[in-house]
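Each chain, letter by letter, is given below.
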Amino acid sequence: ENNGNLNRGLFVSIAEDLKLDTVAFASCIDSRKYTEQIRKDLAEGQAVGANSTPTTFVNGKVILGACPYSVFGQAVQAELDGKEWSVDRCQFSVR
């Protein structure tokens, strides 16, 4: 909904909608206290192939996107059965 429009004003507005202490919230943003942790988390995610939200891993294999529960169930079952599998655009397949 707000892709490309993620900025301080939007975050403070969301905090206000959530009835948070907007002064404390804005102060936290402005302090940049968590900038290094955010950069570290971003780099770690990119290093393992998490380049979209949501990204889920099943035994180290990636599933991109908001797939139905059945896709995750099939992936877990394939892992338990020792089968090779993949998911492309939320379509499960066994190799």
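The following refers to the structure shown. Residue indices begin from 1 for each chain and proceed along its sequence in written order. Local features in a predicted model are, by the rule used here, given only for residues with pLDDT of at least 70; side-chain atom pairs are given and counted only at 80 or more, and totals for whole chains, interfaces and linings are based on all residues. Values reported for side chains reflect all heavy atoms of the structure, with hydrogen atoms and water molecules removed beforehand.

## Side note on the overall build of the protein chain
Only DSSP runs of H or I reaching four residues or more are called helices, and only runs of E reaching two or more are called strands; each is numbered from the N terminus. When helices and strands are tallied, the protein chain shows four helices and four strands. When the helices and strands of the protein chain are read in sequence order from the N terminus, they spell out α-α-α-β-β-α-β-β. In this setup the radius of gyration rests on C-alpha atoms only. A globule is expected at 2.2 Å times the number of residues raised to 0.38. The C-alpha atoms of the protein chain give a radius of gyration of 19 Å, which is well past the 12 Å a tight globule of 95 residues would have. Each principal axis of the C-alpha distribution contributes one length, and for the protein chain these read about 55 × 25 × 20 Å. All accessibility values rest on the Shrake-Rupley procedure with a 1.4 Å probe; residue burial counts only the protein chains present in the view. Accessible surface, the protein chain as shown: approximately 7,400 Å² in total, 53% of it carbon and sulfur.

## Examining helix α2 (residues 22–31)
In an α-helix there are 3.6 residues to a turn, and that puts residues three or four apart on one side. Of the residues that open α2, the one with a side-chain oxygen 3.2 Å from the backbone nitrogen of Val23 is Asp21. Remark: Arg32 follows α2 within two positions and exhibits a positive phi of approximately 55°. Whenever two N or O atoms come within 3.5 Å, that pair is a polar contact, provided that in protein one can donate a hydrogen and the other can accept it, and provided that, for residues adjacent in sequence, both atoms are side-chain atoms.

## A look at the packing of aromatic side chains
Aromatic pairs are defined between Phe, Tyr and Trp rings, using the six-membered ring for Trp, whenever the two ring centres lie within 6.5 Å; interplanar angles under 30 degrees are classed as stacked, those over 60 as edge-to-face, and all others as tilted. According to the stated counting rule, one finds one aromatic pair in the structure shown. With a centroid separation of 6.1 Å and an interplanar angle of 25°, the aromatic rings of Trp85 and Phe92 are classed as stacked. Residue burial is assigned from relative accessible area. The probe radius is 1.4 Å, only protein chains are included, and a residue is buried under 20% of its type maximum, exposed over 50%, and partly exposed in between. Given the relative accessible area of 2%, Trp85 is considered buried.

Shape descriptors only; they carry no functional weight alone.
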